[in-house]
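Listed below are the residues making up each chain.
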Amino acid sequence: MHNLDNSPPLAGANLESAPGTQIAQAGGLDSPLANQYGIVVLPTMFLVGPDGKVISRTVQIATVEDEIKKLLK
């Protein structure tokens, strides 16, 4: 999980219960991390396949379950 909040310690406290690795980089949408991944709005979700490749950069929370079901067929 990447965090683009301007206050990493505060953001980290909010994400303590989230599983996985968390990376924080100050600068928000102007940070190198946001530019590298093409993030223009927060929150942003990426659907990543079992091989680690990005399947979708436009997946939405309302449709992610359907997208995953399609991939599993």
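Residues numbered from 1 in each chain as written. Predicted model: local features only at pLDDT ≥ 70, side-chain atom pairs only at ≥ 80, totals over all residues. Heavy atoms only, no water.

K.L.:
Go over the overall build of the protein chain with me, naming the residues and quoting the values.
P.N.:
Within the protein chain one finds 3 helices and 4 strands. Ordered by position from the N terminus, the helices and strands of the protein chain form the series β-α-β-α-β-β-α. Within the span of the protein chain, comprising 73 residues, buried residues form 19% of the whole. For the protein chain, long-range pairs separated by at least 24 residues make up 14% of all intrachain contacts whose partners lie at least 6 apart in sequence. For the protein chain, the accessible area works out to roughly 5600 Å², and carbon and sulfur atoms hold 58% of it. (Helix = DSSP H or I, 4+ residues; strand = E, 2+ residues; numbered from the N terminus. Buried < 20%, exposed > 50% of the residue type's maximum accessible area, 1.4 Å probe, protein only. Contact = heavy atoms within 4.5 Å. Areas by Shrake-Rupley, 256 points an atom, 1.4 Å probe, with all protein chains shown as cover.)

K.L.:
Kindly report on the environment of Ile 55, identifying the contributing residues and their values.
P.N.:
Inspection of the secondary structure puts Ile 55 in strand 4 (residues 54–56). Considered as a pair, Ile 55 and Glu 67 are 12 residues apart in the sequence and their alpha carbons are 9.8 Å apart. Discounting residues that sit within four places of it in the chain, Ile 55 has contacts with Leu 47, Val 48, Gly 49 and Leu 71.

K.L.:
Requested: an account of the side chain of Ser 31, with residues and values cited.
P.N.:
Structurally, Ser 31 is set in the loop between strand 2 (23–24) and helix 2 (32–37). A distance of 2.9 Å separates a polar side-chain atom of Ser 31 from the backbone oxygen of Gly 28. Excluding its chain neighbours within four sequence positions, the residues that come into contact with Ser 31 are Leu 4, Gln 25 and Ala 26. (Polar contact = N/O pair within 3.5 Å; in protein donor to acceptor, adjacent residues only side chain to side chain.)

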